[in-house]
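Architecture and fold: a report
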Amino acid sequence: MKADDVLTAHHDVLRGLLRDLAGTTDAQADRREELREEFLRQIEIHAQIEDEIFYPAVPDVSPLLSLAHAEHRQIDDQVATVLRTPVDHPQFVAEVRMLEATVRHHTMEEEQRMFPQSHALGDARLEELGRQLQDRQRELARSGGMRLLIRLKRATLRLTRA
Ligand SMILES: [Fe+2]
Ligand SMILES: [Fe+2]
């Protein structure tokens, strides 16, 4: 699988999780917690494999790259807000929808502008990068539990200080 196909498939997972999360009702608190946790896990993994493997390999797209990094930070901030918001809070779905809009914008931009430029790398290199992305993705998925816990703890600390 080529690198851009690996990342696009993962984008579908991320967008799907947020769509499902935004579609939950106030009565589905457990489901909300579950989906929020899974999204957090997946977005962490996604940002990390892009930052470590894909972005450094893409040639001559520096303006797109600085934009991408800025958008990752924006997503991070919005994820933190969603984490701080109790799932039964009246603003919860609104916060999720704002995050969803940012994620949608960022992933579409990658798919429509950055990925086509990555094709200059050639099929063999894209396949190689795709393998690296998938290996790292699996590795991070295995070690994801602990990092998630740390992050949730940090978010909770911010919440109690606020
Ligand atoms: Fe990205
Ligand atoms: Fe991405």
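Look up a bit, the structure's there.
Residues numbered from 1 in each chain as written. Chains lettered and ligands numbered in written order. Predicted model: local features only at pLDDT ≥ 70, side-chain atom pairs only at ≥ 80, totals over all residues. Heavy atoms only, no water.

Glancing now at the coordination of the iron ion (ligand 2). Tetrahedral coordination by four donors places them ideally at 109.5 degrees to one another around the metal; octahedral coordination by six donors ideally gives 90 or 180 degrees. Taken together, His 11 (NE2), His 46 (NE2), Glu 50 (OE) and Glu 110 (OE) make up the full set of protein donors to the iron ion (ligand 2), lying 1.9 to 2.2 Å away. Around the iron ion (ligand 2) sit four donor atoms; with metal-centred angles ranging over 85 to 175°, the donor geometry is irregular. Between the iron ion (ligand 2) and the iron ion (ligand 1), a spacing of 3.3 Å is present, and a bridge between the two is formed by Glu 50. Residue His 11 is found in helix H1 (residues 3-22), and its partner Glu 50 is found in helix H2 (residues 29-57); the two are separated by 39 residues along the sequence. Taking relative accessible area as the criterion, His 11 reaches 0% and is therefore assigned buried. Judged by relative accessible area, Glu 50 falls into the buried class, the value being 0%. (Donors = N, O, S within 2.8 Å, 3.2 Å for Na, K, Ca; no water. Tetrahedral: all angles 85-135°; square planar, octahedral: opposite > 155°, others 65-115°. Helix = DSSP H or I, 4+ residues; strand = E, 2+ residues; numbered from the N terminus. Buried < 20%, exposed > 50% of the residue type's maximum accessible area, 1.4 Å probe, protein only.)

By the definition in use, this model includes 13 salt bridges. Ionic pairing is found between Arg 15 and Glu 111, a salt bridge with its closest N-O pair at 3.1 Å. You can see Arg 15 sitting in helix H1 and its partner Glu 111 sitting in helix H4 (residues 92-118), a full 96 residues away along the chain. Ionic pairing is found between Glu 38 and Arg 41, a salt bridge with its closest N-O pair at 3.3 Å. With Glu 38 and Arg 41 both in helix H2 and three residues apart, this pair spans about one turn of that helix. Residue class for Glu 38 comes out partly exposed when judged on its relative accessible area of 28%. Counted as one network, the salt bridges with shared partners bring together Asp 12, Arg 15 and Glu 111. (Salt bridge = Lys/Arg side-chain N within 4 Å of Asp/Glu carboxyl O.)

As a further point, take the packing of H1 against H2. Where H1 meets H2, the closest approach of the two axes is 9 Å, and the angle between their N-to-C directions is 155°. In terms of axis orientation, H1 runs roughly antiparallel to H2. By crossing handedness, the relation of H1 to H2 is classed as left-handed. Here the contact of H1 with H2 is built from residues that sort into 13 nonpolar, four polar and six charged. (Axes fitted to C-alpha atoms, helices over the stretch in contact; angles between N-to-C directions. Parallel < 35°, antiparallel > 145°, perpendicular 65-115°, else oblique. Left-handed = near helix turned anticlockwise from the far one by under 90°. Nonpolar A, V, L, I, M, F, W, Y, C, P; charged D, E, K, R; others polar.)

Estimated volume of the largest pocket: approximately 240 Å³. Lining of the largest pocket is provided by 15 residues; of these, Ile 43, Ala 47, Gln 48, His 72 and Asp 76 occupy positions nearest its centre. Per-element tally for the lining of the largest pocket: the top contributor is H2, with seven residues. The residue inventory of the lining of the largest pocket, partitioned by class, reads five nonpolar, five polar and five charged. (1 Å grid on protein atoms, 1.4 Å probe; cavity = no way out; pocket = protein on both sides within 12 Å on 5 of 7 lines; lining within 4 Å. Points joined across faces, edges and corners; volume = space filled by probe spheres on them.)

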